Amino acid sequence: MSITLCGFPVSNYYNKVKLALLEKGLPFTEEVVMTKSTDEAVLSASPLAKIPFIRTPQGGLCESQVIMEYIESVQPIPALLPADPFAAAKVRELCTFIDLHLELVARDLYPQAFFGGTVSEGSQARVKKQLEKNIPAFMKLAKFSPMVAGGDQFTMADCAAWVNLPLVGMATKAVFGEDMLIAMGCDYKPYMKMIGERPAAQKVAADRKEATMKAAAASKAAS
């Protein structure tokens, strides 16, 4: 099996897939690809030029959760899904909540939170209202006992939670003055520390830090 993970190590969804590959022990190479590429080799694998995507001997595959399912199929052990079908579905449910109902909503704050831009008051109010609804809904599903789906098995949901929850927290704190996750009763920090002690997570974090520093240096040099 030959897998090339394409994208950028600062991307949360890139790191979601990278964490899964490392946890699986699957050999892979990395290729830096930025978003909005017009390269036909990129578009043939990721038609919307979104990252991450992977290249395999059979062809390209995009969308992080689809890639996660593919990884699980080609190498079932160590499993990132429970053996019980309903428990596996509950993990997938959590992945959807984390990716779509938390991170994707908070993403509208990123221009102001992380990139020096401005988000309109109307957009801020819309995001805050949606998160006030979505965070309690997420908490009805999340267990954090100790893993996000409950129990001791590290799953796909942990890959999603570890890369996305901090972004939701940091973005809301930067724009609204408080980490909405913590303010609404989701004390995810001990969980983040626990996952962060895993060797795969340490590798992802180190590579993300290095890529962030290189990008900052390049931006400074260009200005």
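Quick note: structure is the one above.
Keep in mind that this is a model prediction, so the values were computed, not measured. Residue positions are given per chain, counting from 1 as you read along its sequence in written order. Since the coordinates come from a predicted model, pLDDT governs what is reported: local features require at least 70, and pairs of side-chain atoms require 80 or more to be given and counted, while whole-chain, interface and lining totals use all residues. Side-chain descriptors were evaluated using all non-hydrogen atoms of the structure, hydrogens and water having been removed beforehand.

Student: Would you mind showing me how to read the nonpolar core here?
Tutor: Counting residues in hydrophobic clusters, the biggest one holds 59 residues, and the most contacted among them are Leu19, Leu21, Leu131, Phe138, Val148 and Trp162. The helix count covers DSSP runs of H or I at least four residues long, the strand count covers runs of E at least two residues long, and both are numbered beginning at the N terminus. It is helix α7 (residues 156-176) that provides the largest number of residues to this core, a total of 13 residues. When checking whether two residues touch, look at their non-hydrogen atoms; a contact exists if any pair is within 4.5 Å. Residues in contact with Leu131, not counting those within four places in the same chain, are His101, Leu102, Val105, Ala106, Pro136, Thr172, Met180 and Met184. Residues enter a nonpolar core if they are buried and are Ala, Val, Leu, Ile, Met, Phe, Trp, Tyr or Cys, with the set joined through side-chain atoms within 4.5 Å. Each residue is assigned to one of three classes by its accessible area relative to the maximum for its type, calculated with a 1.4 Å probe on protein chains only: buried under 20%, partly exposed between the two thresholds, exposed over 50%. Counting residues in each nonpolar core, the second largest holds six residues, with Cys6, Val42, Ala45 and Phe53 among its members.

Student: How do you make sense of helix α1 (residues 12-24) when you look at a structure like this?
Tutor: Helical periodicity: at 3.6 residues per turn, an α-helix aligns residues three or four positions apart in one direction. Multiplying one less than the number of residues by 1.5 Å gives the expected span of a helix. When the terminal C-alpha atoms of α1 are compared, their 18 Å separation across 13 residues agrees well with the 18 Å that a helix rising 1.5 Å per residue should span. Most of α1 sits out of view: twelve of its 13 residues are buried. Among the residues of α1, those classed as buried are Asn12, Tyr13, Tyr14, Asn15, Lys16, Val17, Lys18, Leu19, Ala20, Leu21, Glu23 and Lys24. On its buried side, α1 packs onto β1 (3-7), β2 (28-32), α3 (64-74), α4 (85-106), α7 and α10 (199-222).

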